[in-house]
Amino acid sequence: MNALKRALRSLTVLIAVLAGSGLLGPARAGSCSAVACVAAGPRLLSVDSTQSPILNALFGGLLGGGGVTLSAADWNAIANADIDLGLFLNALKTQTAVGTTSGALNADVSVLQFVNAAAQAAQTQGNTAAVNALNLLTPAVSGLSGTLKVGDLLKLEGDSAAFLTSKLNVLNLLTGGVQLFNYNNALTTGSSPITLNPVAVNLSGLGLGAGTTTPAVQVSLRVIEPPVYRCGPAGTSFNTAAIRAKLNVNLGGLNLNVPGLSGATLKLTTLNLYLEVAEASGTMSTVNAITDALSLNAQPGLAQLGLGQISDSVFFDRNKKDLTTPFATLTQAIIGTVDLSVSVPLVGSVPIVLNVKAKAFANGTYPLGTVNAAPPYPQTVTVGSSSAAVGTLVGTLLTSLGTPGNLTLELRDPAPLVPAALLTSTISSALGPVLNTLGVVLQPILEATLIATVDQVLRLLGVGIGEAVFTVGGVGNVCSVTGRVYHDLQPSGAPDAGEVWDGPATFVNAVSGGSVAASASVPAGAGTFSFSVGEGSYLVPVTTAATATAPAQPAGYVFVGPLSGQAAVTVANNTVSLADLEFGLFFGDRLTGRLFRDDGLGGGTPHDAAQQGTEAALSARTVTVQGSVGGAAQPARTGSTDGSGAYTLFVPGSWTGVTFAANPASTETLTGLTLNGASTLAASLTDPALTAFALPAPAGQDRTLNAGLTGRAALSPDRAARGEAPLSVTYAHTFTPGTPGTFTFASTGAFSAALYLDSDCDGTVQAGERTPVTGVTVTSDWPRDAQGALKGCALEVSVTSGAAAAGTVDAALITAASTWQGSALQDLASVTDTTTIAAGAVLSKTVQNLTASGTAGTVTTALPQDELRYCLTATNPGVDTLTGVILTDTLTGAATFVPGSLTLNGAALTDLTDTDAGEFVITTDTDGNPVRTVTVRLPDLTGLGSSSVCFDVQIP
């Protein structure tokens, strides 16, 4: 599809150029003639493996002999080939031995000469694939005796010199030529019908006992009117091609139930459809040279569809252009049979077979539509829709089938046992159900068949049903292109006061179709230039030679505004003037590049200074260049990276000792820099050769410098705790690897320490992760944070003091030493955990008789069944916070623990060993006696702070 669309675009560009080349008449000085070009088809599709056989059959049939056997690759080589119109016309002059372009266009040429001219032009342009594919057409076209005039397809008037470099798509050219040949030589594809690719039609939902059917469809067609491309003023009329197509639809004996006709079976065999799509016609109603606007009145061609039988000699007679003429001869054709049984008195059930004879006719007319076109050109406009029109056309056809006499049933074989009156009654009774059944089943079958015919064949010729497609070019015009070239000192991208052109010899050229259409030298000083071009689209580059077609930077300079060094100019049929073109050039180097996180994400290689896989871009980063002039340091030039990590800096040509800085964040380091493809990798985490990277002396070059950055390893934060020995404390840290590598963990403290890593990085060290670790290997698959950097994960350090004396301080250095993946570079992160042994808490205990409503004290009296409440209070006598204090009390004697009575600072605790701070546990001693213990883990005790634990017992 893409190749054929490109072909249409190329041809419409040609048409726009025709309007602007003076070919429609002499230009009027100082004015613009309001003349438009409209291409009426073809609208082509791409050539794929399913279309190539159809295209072979279509070309072969239209040429009258078949024998076209190109592969899909061959057709695509042709479809992808664009040739200069000038080269084609020169080749056509060679083929016809005519010395002028107009003579060659009006000469009678064979199809072989036509194809050879296209191949010769492709050969000149070096397109070997297209030449080879075109040569494969030679056997099929060598023996053809008919001729065509290329001028009937391409209407060129006047001097053709202005459009010789216009591109013409080869497949588009061949398609139009083949249609013209078919029209000129009264050929049909009847001897070589086109077999459509299968189209399955699902009938299962119709209630007729049928599933999916795949009709076999063969198409024979004839071009009644060839495509033509026209240019002219308001009032100019135009039309598309007109096509007649005969469709043989083989349903293969499709068996159907007939609702309302008990026991009957309808068998459909073959349908002959006759389709004519007249040329779509239109008129250019208004052409406005000021606004370059165009209004078209267009009407899709009348479509007529017949079911039945028409003689090929009548239907394909191109002289019968009155659309009613061939369909006036439409007669009935047998499309199937009905099998049913007749109950005959004294005989019983007698089977009979009825032939189904049908004819029907549909006349699809489509309204006149007005479409407007405006720049940019070329622009395609469409009136109507085939997909919408087909259903309506088929519905009209099936309505016509119900016209008396259009559908009849007649006895296929004699039935002597059935009385004539009974037979007549039976046939009459069967007609209505059969008509209804046909109306139901033929609607989807015929819609699918016609849509397939349009999609697979007719659109290759630019024809649709109820649809007209036109491509609008533009009006002719000639404009002066003016502007200036200046030395942009800052650069700012815009000319400032005093900025002139003081550089070497420079030219500004207008390039169209790969050739220079106009050129102007740029004078020193003002730097102004001017030249004239005709209607069309141009690239206007600044360059160093009058014959150059691409931008070229003058020695010592780089392009600034625009960065490409060229501008695009379009002269349309409404153009009154063009804005001045401004080209700013900077004396020095342009430095561009990207900053990225060089950590191997998505399959990349980490630490190699090359962005690979899905290694993330670093946006909103500041980069700088610095240098000196005459030994004096100059102010740094800064830039910022965009969303893709890209930056641009300009280095003045007068600078020496130029250095570049990527300015990594404090949590980052450079992995390396790559200048114009050559990489310098980091020799250390603070490699001075990278932090201030030396650049070559500015010389008017575009240089690319990419910087890889990665994270530094980090541990945070420092922690501290105090408590009574023996003290067990856990310090929570965040371990951020920074970059892939191998990490080793260590602790230098005197107290015993174990490290536990949150290996899944969910923020918590789970039970399954409580195996002490001494290291970890970090790859690019490590979890990432929202910015795409390696995520920081929890690292817990559990410290046990043992029986240390109060006042002992253990400042443990926790380290994460790493070696980068694929590199010898090492990194080290550390935190300090300070554990201080403090004096123990002071414990006091009271008892209260709850039953007697007594007061709390150190002693109380109690009777049997009284409930007593014991409260134990732990007090921190010092000023430092105590952590890890655990209070335990063992019940003795006969008193029993009251379930649910345990509290901590007044808050209830469960008796069970679970997630809260306390529990009541009964164990046994070595003699098997029960040991009843209350255990509560107290919160941190701040200086002079306390916590109380209470529980109840009952006297037996």
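Please refer to the structure higher up on the page.
Definitions and cut-offs
Residues numbered from 1 in each chain as written. Predicted model: local features only at pLDDT ≥ 70, side-chain atom pairs only at ≥ 80, totals over all residues. Heavy atoms only, no water. Helix = DSSP H or I, 4+ residues; strand = E, 2+ residues; numbered from the N terminus. Buried < 20%, exposed > 50% of the residue type's maximum accessible area, 1.4 Å probe, protein only. Contact = heavy atoms within 4.5 Å. Arc of directions from axis to C-beta. Disulfide = S-S within 2.5 Å. Pairing = 2+ DSSP bridges. Axes fitted to C-alpha atoms, helices over the stretch in contact; angles between N-to-C directions.

### Topic: the environment of Ser52
- Along the chain, the position of Ser52 falls in helix α2 (residues 51-62).
- Overall, Ser52 belongs to the buried group, its relative accessible area being 6%.
- Counting along the chain gives 23 residues from Ser52 to Trp75, while the straight-line C-alpha distance between them is 7.0 Å.
- Among all residues touching Ser52, those that are not within four sequence positions of it are Val47, Leu70, Ser71, Ala72 and Trp75.

### Considering unusual backbone geometry
- Going from Ser716 to Pro717, the amide bond is cis rather than trans, its omega being -15 degrees.
- Backbone torsion omega between Ala725 and Pro726 reads -5 degrees, so that peptide bond is classified as cis.
- Note that Pro726 resides in the loop between β42 (719-724) and β43 (728-736).
- Unlike most non-glycine residues, Gln865 shows phi in positive territory, near 75 degrees.
- Within the chain, Asn905 stands out as a residue other than glycine whose phi angle is a positive 50 degrees.
- Its location among the elements puts Asn905 in the loop between β54 (903-904) and β55 (907-908).

### Notes on helix α7 (residues 128-135)
- Residues Ala130, Val131, Ala133 and Leu134 constitute the buried set of α7. The arc that holds the buried residues of α7, viewed along the axis, is 165 degrees, so those residues lie on one side.
- For α7, the elements touching its buried residues are α3 (72-79), α6 (111-124), α8 (138-141) and α9 (170-184).

### Details of the state of the cysteines
- Taken as a whole and assessed by the stated rule, the structure comprises two disulfides.
- The side chain of Cys761 participates in a disulfide bridge whose partner is Cys793; the two sulfur atoms lie 1.5 Å from each other. Taking the torsion about the sulfur-sulfur bond, which here is approximately -90 degrees, the covalent link between Cys761 and Cys793 counts as left-handed. You can see Cys761 sitting in the loop between β45 (752-757) and β46 (775-778) and its partner Cys793 sitting in strand β47 (residues 793-800), a full 32 residues away along the chain. Take Cys761 and Cys793: they sit in the same class, and that class is buried.
- Each sulfur of the disulfide joining Cys871 and Cys950 lies 2.1 Å from the other.

### What to know about the sheet that holds strand β15 (residues 293-299)
- Overall, antiparallel pairing links the four strands, which are arranged β11-β14-β15-β20 in an open sheet. With one partner strand each, in any of the chains shown, β11 (237-239) and β20 (369-373) form the two edges of the open sheet. Going from strand to strand, the sheet's axes swing by 25 degrees on average, the running direction of each strand aside.
- The pairing of β11 with strand β14 (residues 281-288) spans three bridges and is classified as antiparallel. Bridge assignment links Phe238 to a residue of β14, and that residue is Gly282.

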